[in-house]
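Residue strings, one per chain:
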Amino acid sequence: MTESQIPLMGRLEQAPLDDLLAAAAALRDQGHGRLISYSRKVFIPLTHLCRDVCHYCTFAQRPRNGEPAYLSPEQVLAIARAGAAAGCTEALFTLGDKPELRYRAAREALAALGYDSTIAYLRAMCALVLRETGLLPHANPGVMTREEIAALREVTASQGIMLESTSTRLCEPGGVHYGSPDKHPAVRLETLRLAGELKVPFTTGILIGIGETRAERLDALRAIRDLHAEHGHIQEVIIQNFRAKPDTKRADAPEPDLDDLLWTIAAARLILGPDMNLQAPPNLSPGVYQRLVAAGLNDWGGVSPVTPDHVNPEAPWPAITELSRLSAETGKLLVNRLPVYPAYARQPDTWLAPEVATRVRRMSDADGLARDDDWAPGNTTPPPTPYLFLPAVDVALSRTVDRATSGERLETNDITRLFAARDADYRHVTSAANALRASVSGDIVRYVVNRNINYTNICYFRCRFCAFSKGKTHEELRGTPYDLALEEITRRAVEAWERGATEVCLQGGIHPDYTGETYAGICRAIKAAVPGMHIHAFSPLEVTQGAATLKLSVSDFLAQLQTGGLGTLPGTAAEILDDEIRAIICPDKVNTAQWLDVARAAHGLGLRTTSTIMYGHVETPLNWARHLLALRDLQAETGGFTEFVPLPFVHMEAPMYLHGRARKGPTFREAVLMHAVARLALHPLIPNIQTSWVKMGPAGAAICLDSGANDLGGTLMNESISRAAGTQHGQEFPPAAMEELIRSIGRMPQQRDTLYNPVPEERRAASFVAGELAPIVQTPPRKRVAA
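Conventions adopted
- Residues numbered from 1 in each chain as written.
- Predicted model: local features only at pLDDT ≥ 70, side-chain atom pairs only at ≥ 80, totals over all residues.
- Heavy atoms only, no water.
- Axes fitted to C-alpha atoms, helices over the stretch in contact; angles between N-to-C directions.
- Helix = DSSP H or I, 4+ residues; strand = E, 2+ residues; numbered from the N terminus.
- Parallel < 35°, antiparallel > 145°, perpendicular 65-115°, else oblique.
- Left-handed = near helix turned anticlockwise from the far one by under 90°.
- Contact = heavy atoms within 4.5 Å.
- Nonpolar A, V, L, I, M, F, W, Y, C, P; charged D, E, K, R; others polar.
- Buried < 20%, exposed > 50% of the residue type's maximum accessible area, 1.4 Å probe, protein only.
- Polar contact = N/O pair within 3.5 Å; in protein donor to acceptor, adjacent residues only side chain to side chain.
- Pairing = 2+ DSSP bridges.
- Salt bridge = Lys/Arg side-chain N within 4 Å of Asp/Glu carboxyl O.
- Right-handed = clockwise from strand over helix to strand, strands pointing away.
- Expected span 1.5 Å × (residues − 1).
- pLDDT = per-residue confidence, 0-100.
- Core = buried A, V, L, I, M, F, W, Y, C linked by side-chain atoms within 4.5 Å.
- Phe/Tyr/Trp six-rings, centres within 6.5 Å; stacked < 30°, edge-to-face > 60°.
- Lys NZ or Arg CZ within 6 Å of the ring centre and 35° of its normal.

A.B. asks: I keep staring at the packing of helix 15 (residues 395-405) against helix 17 (residues 423-441) and nothing clicks. Help me out?
C.D. replies: For any two helices packed against each other, one specifies the inter-axial angle together with the distance between the axes. Interaxial distance between helix 15 and helix 17 falls to 11 Å at its minimum, and their mutual angle equals 15 degrees. In terms of axis orientation, helix 15 runs roughly parallel to helix 17. When the axes of helix 15 and helix 17 are compared, the crossing they make is right-handed. Contacts from Leu397, Ser398, Val401 and Thr405 in helix 15 reach Asp425, His428, Val429, Ala432 and Leu436 in helix 17. Classifying every residue of the contact of helix 15 with helix 17 gives 5 nonpolar, 3 polar and 1 charged.

Here you go:
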């Protein structure tokens, strides 16, 4: 031991255990907060044969006559499918180390299966499970070469090898690893090093109570720490306590007592730091879960609702509901993770092979954890209300909520913390947002009778989330290209007026033949046909493009549109107001500053705008927070936003989802929180939070109205963009249905105009006796003559 190591060893040996535990727990909370994770897994023991002879192991077995040496592909799939049916996300492949190097039976079995090594067969089975079930494989095959790790990386989400110990004494005669060449510390450390070079999220750990000293444990933990410092790939460290098993050489050996286990967990936390994921298997320490949490761990490891722990078959898994309850008793919320931890899941291009990265994106939420529901925007039914486990709300979160409700501008990290709320914290955030909504706007829920007119779906921009726009001959996605004739646009506006509308909302693709005069001409034509109709049209993208074609400033072009009849602008094309994300999803679109500049210019002319966010694809809560603060700061400057409208990403037909580059929209929890956190973060500057019934569904919208939203948006009459992306909801939500929904949650409906004024009774009456819409005409593309 070096001199620099002695002080740490001395401190750990001399400090009272309770002091160590308190320091470790505080460090853990610094990195992981209230969450404690687990992976819902299925255990696939590919083979029990192993060339090593560890003196404590009952997993490894010798070949037996009449028993297959390996699970067959059919057996592997049957286990994996049972796990998938039970809601598992991980397929844990456990097996002995290179048995073909010791047993002819293994070589013959592999030859019969068509493989020359156990790892080659393992790779094939991982690929099979990934392809056929969608479960994410995690492989623990022991010592590997660079080539073997790289081959497995293509079909696994993570890999692992227990370092166990760095003590070479244990490999000498009488030691537990004598006769086990793959347990020599040097070869195991080399496997860990190679995995780091190959960017593989890797699991490792130590086994305590097998003859090592405490000093040797610390040496192993420092070796792990140093490898992680160099490569950043150690995603979790397991502190596993030895359990004596019958029919092994250590059947009568003493097991480490609880204090020894707690000391080691605490030491690991203090050595490895706040961010490391530290795990102790719960089935090996029944009845003392709370003590383990107090020592600084933040993960329970894999827990299977389907298969036993084949390495420790005498120790059954705890029921997940019971584990949730016991974790909550320590003030921790149990969350389901993927086999790849969030820090790596959020960087899939760095840490995962392309096929695996696609699966991880589709299975994860915005925090990189496993999605906690099967809901997606556009679905008709929200998930059931989850059971609450935590007995109390986080004190720091409660203070943040109080600051928000007082009107204070929150910081980015404050808002990010609100978005992380789950369980009792989630209930507190949504309840506080709802109470704030009641104080700001009372029990009235407003909506507008309007008509969406998407004048063209031809667009020369290439936004990677958009299933609506097409080139002139592009029919790969839903529908065919169109470019509405001016007569059809005005016909729809007249029909909307006759049906009680006060607003037409006009947006479309950026047609290569459109100029600023095209947009101005649309405004003039509608005003000539329906003078009383409010024109809510043209996002900052159309405005920027239109101004450029006329060589006008944005402000001058907006003034021209205003003269032609433009009343307000939709705040779409915002997507995520963070250029880090815009570079991924819409690199050729206006950037954040340009979008804000258009809104600022409009507000300066007295043109009010809405504001939006399109979320649930590649961004994180940090990007959401930046977006909300950008809107709040501009509103503080101009006061021009009428409302904020969260628009969850509808993934079904979106190109970047189909190409494996996006999540499947927000989870339902995230979608509701977007409304609630917006209410808090934008208070008191933006008083109206709107929920999209098209994307949330009527039932989901009702929940958002009880979580901070106060507006149900428009009746629409025609809706093309979300429908093109795959939403199941209809194209119109008539006033009678709107008001029935509003009254069903104990609130009072009120028709409004675009600027949130009550509508004349004549308009309201007309909206309730509206006839059927005439068939729409989608004018085929044609060459436009520039004005």
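There is more to say after this.
A.B. asks: I keep staring at the side chain of Glu212 and nothing clicks. Help me out?
C.D. replies: Mapped onto the elements of the fold, Glu212 is located in the loop between strand 5 (202-208) and helix 8 (214-231). By relative accessible area, which is 10% here, Glu212 ends up buried. Side-chain polar atoms of Glu212 contact the backbone nitrogen of Ile210, separated by 2.8 Å. A polar contact of 2.7 Å, which involves the side chain of Glu212, links it to the side chain of Arg217.

A.B. asks: Would you explain the sheet that holds strand 10 (residues 444-448) in this entry?
C.D. replies: Note: strands within a sheet are paired through backbone hydrogen bonds, in either parallel or antiparallel orientation. Spatially, 3 strands are ordered 17-10-18 in an open sheet, and the strand pairing comes out parallel. Here the strands that pair on one side only, and so sit at the sheet edges, are strand 17 (711-714) and strand 18 (748-751). On average, each strand axis in the sheet is inclined to that of its neighbour by 20 degrees, with strand direction left out of account. Both strand 10 and strand 18 contribute to a ladder of 4 bridges, which runs parallel. In the sheet register, Ile444 faces strand 18, and the bridge partner there is Met748. The sheet strands contacting helix 30 (residues 761-768) are strand 10 and strand 18, and the helix crosses strand 18 at an angle near 105 degrees.

A.B. asks: I would appreciate a short explanation of the pattern of salt bridges in the present structure.
C.D. replies: Tallied over the entire structure, the rule returns 57 salt bridges. Note that Arg81 is salt-bridged to Glu132, the shortest N-O span being 3.8 Å. With Arg81 in helix 3 (residues 73-85) and Glu132 in helix 5 (residues 118-133), this pair connects stretches of sequence that are 51 residues apart. Within this structure, Glu13, Glu212, Arg214, Arg217 and Asp260 form a network of salt bridges that share partners.

A.B. asks: What is the right way to look at the packing of helix 16 (residues 412-419) against helix 24 (residues 621-638) in this model?
C.D. replies: Running from amino to carboxyl end, helix 16 crosses helix 24 at an angle of 125 degrees, the nearest separation of the two axes being 8 Å. In terms of their interaxial angle, helix 16 and helix 24 are classed as oblique. Judged by the twist between their axes, the crossing of helix 16 over helix 24 is right-handed. Of the residues in helix 24, those in contact with Thr412, Ile415, Thr416 and Phe419 of helix 16 are Pro621, Leu622, Trp624, Ala625, Arg626, Leu628 and Leu629. Of the residues belonging to the contact of helix 16 with helix 24, the class tally is 8 nonpolar, 2 polar and 1 charged.

A.B. asks: Before we go on, may I ask you to explain the pairing of strand 13 (residues 534-537) in this structure?
C.D. replies: Within a regular strand, the side chains alternate between the two sheet faces. Of the two faces of strand 13, the one lined by His534 and His536 and the one lined by Ile535 and Ala537 are each fully buried. The pairing of strand 12 (residues 503-507) with strand 13 spans 4 bridges and is classified as parallel. Bridging from a neighbouring strand, Val504 pairs with Ile535 of strand 13. You can see the chain leave strand 12, run along helix 19 (residues 516-529) and come back into strand 13, and the turn it takes is right-handed.

A.B. asks: Help me out: how do you make sense of unusual backbone geometry in this one?
C.D. replies: When glycine is set aside, most residues are seen to have a negative phi, and most peptide bonds are trans. Cis peptide bonds are those with omega within 30 degrees of zero, and the linkage from His683 to Pro684 qualifies with 0 degrees. Tracing the backbone shows Pro684 in the loop between helix 26 (668-681) and helix 27 (693-705). Backbone geometry at Lys551 places phi at a positive 55 degrees, although glycine is not the residue there. By the element assignment, Lys551 lies in the loop between helix 20 (540-550) and helix 21 (554-564). Phi is positive for Tyr756, close to 70 degrees, though the residue is something other than glycine. Note that Tyr756 resides in the loop between strand 18 and helix 30.

A.B. asks: I keep staring at the environment of Thr563 and nothing clicks. Help me out?
C.D. replies: Counting through the fold element by element, Thr563 comes out in helix 21. You can call Thr563 exposed: its relative accessible area is 72%. Residues Thr563 and Gly196, spaced 367 residues apart in sequence, show a C-alpha to C-alpha distance of 63 Å.

A.B. asks: I'm lost on helix 17 in this one. Help?
C.D. replies: Given 3.6 residues per helical turn, the α-helix brings residues three or four places apart onto the same face. With 19 residues, helix 17 ought to run about 27 Å at 1.5 Å a step, and its terminal C-alpha atoms sit 27 Å apart, in line with that. Every buried residue belonging to helix 17 is among Asp423, Ala424, Asp425, Tyr426, Val429, Thr430, Ala432, Ala433, Asn434, Leu436, Arg437 and Ser441, and all of these are buried. Residues of helix 17 that are buried in the fold lie against strand 9 (333-337), helix 15, helix 16, strand 10, helix 26 and helix 27. Gly442 lies just past helix 17 and shows a positive phi near 70 degrees.

A.B. asks: Even after reading the chapter, I still don't get the sheet that holds strand 13, so can you show me in this structure?
C.D. replies: In spatial order, the strands read 11-12-13-14-15-16; together these 6 strands make up an open sheet with parallel pairing. In this open sheet, the two strands that pair with only one neighbour each are strand 11 (450-454) and strand 16 (641-648). Pairs of neighbouring strands in the sheet enclose a mean axial angle of 25 degrees, with direction left out of account. Where strand 14 (residues 566-569) and strand 15 (residues 608-615) come together, 2 bridges link them in parallel fashion. Opposite Leu569, over in strand 15, you have Thr609 as the bridge partner.

A.B. asks: Quick question: what am I supposed to make of the confidence of the model for the protein chain here?
C.D. replies: Interpreting fine coordinate detail is not advised for predicted regions of low pLDDT. Of the residues in the protein chain, 94% reach a pLDDT of 70 or more, and the chain-wide mean stands at 93. Note on residues 472-478: pLDDT under 50 across the span, and 22 contacts to partners over four residues away in sequence or across chains. For residues 721-729, every residue scores under 50 in pLDDT, and the model assigns this stretch 40 contacts once sequence neighbours within four places are set aside.

A.B. asks: In this structure, what is going on with the nonpolar core? I would like to understand it.
C.D. replies: Nonpolar side chains in soluble globular proteins tend to be buried together. Val429, Leu506, Trp595 and Leu712 are the most contacted members of the largest nonpolar core, which has 113 residues in total. Top element by residues in this core is helix 26. It accounts for 10 residues. Beyond its immediate stretch of four places on either side in the chain, Trp595 contacts Pro540, Gly571, Thr572, Ala573, Ala574, Leu577, Val590, Leu631 and Phe641. Counting 81 residues, the second-largest nonpolar core is a separate cluster that includes Leu21, Cys88, Leu110 and Ala280.

A.B. asks: Would you take a moment to explain the packing of aromatic side chains for this structure?
C.D. replies: This model, assessed by the stated rule, comprises 15 aromatic pairs. Ring geometry for Trp595 and Phe641: centres 6.3 Å apart, planes at 25 degrees, overall stacked. Here Trp595, found in helix 23 (residues 592-604), pairs with Phe641, found in strand 16; they are 46 residues apart in sequence, far enough to count as distant. Judged by its relative accessible area of 1%, Phe641 is buried. A network of ring pairs unites the aromatic residues Tyr455, Tyr514, Tyr519 and Phe538 as a single cluster. Above the plane of the ring of Phe242 lies Arg250, whose end atom (NZ or CZ) is 4.8 Å from the centre.

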